[in-house]
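Coordinate analysis (summary)
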Amino acid sequence: MTAPVVVLVGPPGAGKSTVGRLLAARLGVAFRDTDADIEELAGKPIPEIFVDEGEPHFRELEVRAVRDAVQGHPGVLALGGGAVMAEATRAVLAGLPVVFLEVALGDAVKRVGLDAPRPLLAINPRARWRELMDVRRPVYRAVATAVVDTEGRTAEQVADAVLEALELKIHE
């Protein structure tokens, strides 16, 4: 079993995919996003999974995708925003280098816009984002080895902060 060198968690707009790709390049490893794995497995975009099969089915796929990725991906791994809410996912993350990318609502809006096709943010996205974060933030913090605040930072600066927080050496 080969575990990831970094697992990124956080809400939509935290920069998990963007920062993850930068980290992977700097560390000389592959990048993997479990949301992309789920879409490939299901053969459709995540919003369609929510509409066609419902959130419980999506969450089952998500737990499976995270478990498979953690067991077989020795690079940088980005998880979907709600993945850490499943107890099974939290169990497979135990002992791994998990970084919570903390993001303020204003930055999240600038990065992804809250009109993007995100199923859990479809109705009153700003209020819903705040509600989700009230529930998720303590869980993100509980699973994290390190917390990196993204506010006012570029993706490159966030990647630097992640490397520093985990004391990882870049691949040259």
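You'll find the structure just up there.
Computed from a predicted structure; not experimentally measured. Starting afresh in each chain, residues are numbered from 1 along the sequence in its written order. In keeping with the model being predicted, local features are shown solely for residues with a pLDDT of at least 70 and side-chain atom pairs are shown and tallied solely at 80 or more, while totals for entire chains, interfaces and linings include all residues. In computing side-chain values, all of the structure's heavy atoms are included and hydrogens and water are not.

So, the packing of helix α3 (residues 46–53) against helix α4 (residues 55–72)
Where we set the bar: As a rule, the C-alpha atoms of each element are fitted with a line to give its axis, helices using only the stretch in contact, and angles between N-to-C directions run from 0 to 180 degrees. Here a helix means four or more residues in a row that DSSP labels H or I, a strand means two or more in a row labelled E, and each is numbered from the N terminus. Working rule for angles: under 35 degrees goes down as roughly parallel, over 145 as roughly antiparallel, 65 to 115 as roughly perpendicular, anything else as oblique. By definition in these notes, contact holds between two residues if any of their heavy atoms fall within 4.5 Å.
Two numbers describe how α3 lies on α4: the axes approach to 7 Å, and their chain directions differ by 130°. On the basis of their axis angle, the class for α3 and α4 is oblique. Across from I46, I49, F50 and E53 in α3, the residues of α4 making contact are E55, H57, F58, R59 and L61.

Looking at the side chain of D33
Short version of the rule: Note on exposure labels: buried denotes an accessible area under 20% of the residue type's maximum, exposed denotes more than 50%, and partly exposed covers the range between, all computed with a 1.4 Å probe on protein chains only. The convention is simple: Lys and Arg are positive, Asp and Glu are negative, and His and the chain ends are not counted. Put simply, a salt bridge is a Lys or Arg side-chain nitrogen that is within 4 Å of an Asp or Glu carboxyl oxygen.
Relative to the helices and strands, D33 resides in strand β2 (residues 31–33). The buried charged residue D33 lacks any salt bridge partner; its closest oppositely charged side chain belongs to R21, at an N-O distance of 5.4 Å. Not counting residues up to four positions away in its chain, the partners in contact with D33 are S17 and A78.

Some remarks on the environment of A142
Positionally, A142 belongs in helix α7 (residues 125–143). Separated by 44 residues in sequence, A142 and V98 place their C-alpha atoms 9.9 Å apart.

Some thoughts on the packing of aromatic side chains
Rules: Between rings of Phe, Tyr and Trp, where Trp is taken as its six-membered ring, a pair exists when centres lie within 6.5 Å; planes separated by under 30 degrees are stacked, by over 60 edge-to-face, and by other angles tilted.
Summed over all chains, the structure comprises two aromatic pairs. Relative to F58, the ring of F50 has its centre 4.9 Å away and its plane inclined at 40°; by these criteria the two rings are tilted. Side by side, F50 and F58 carry an identical accessibility label, which is buried. Between F100 and Y140 the ring centres are 4.9 Å apart and the planes differ by 25°, which places this aromatic pair in the stacked class. Highlighted residues: F100 in strand β4 (residues 98–102) and Y140 in helix α7, separated in sequence by 40 residues. Like Y140, F100 is buried.

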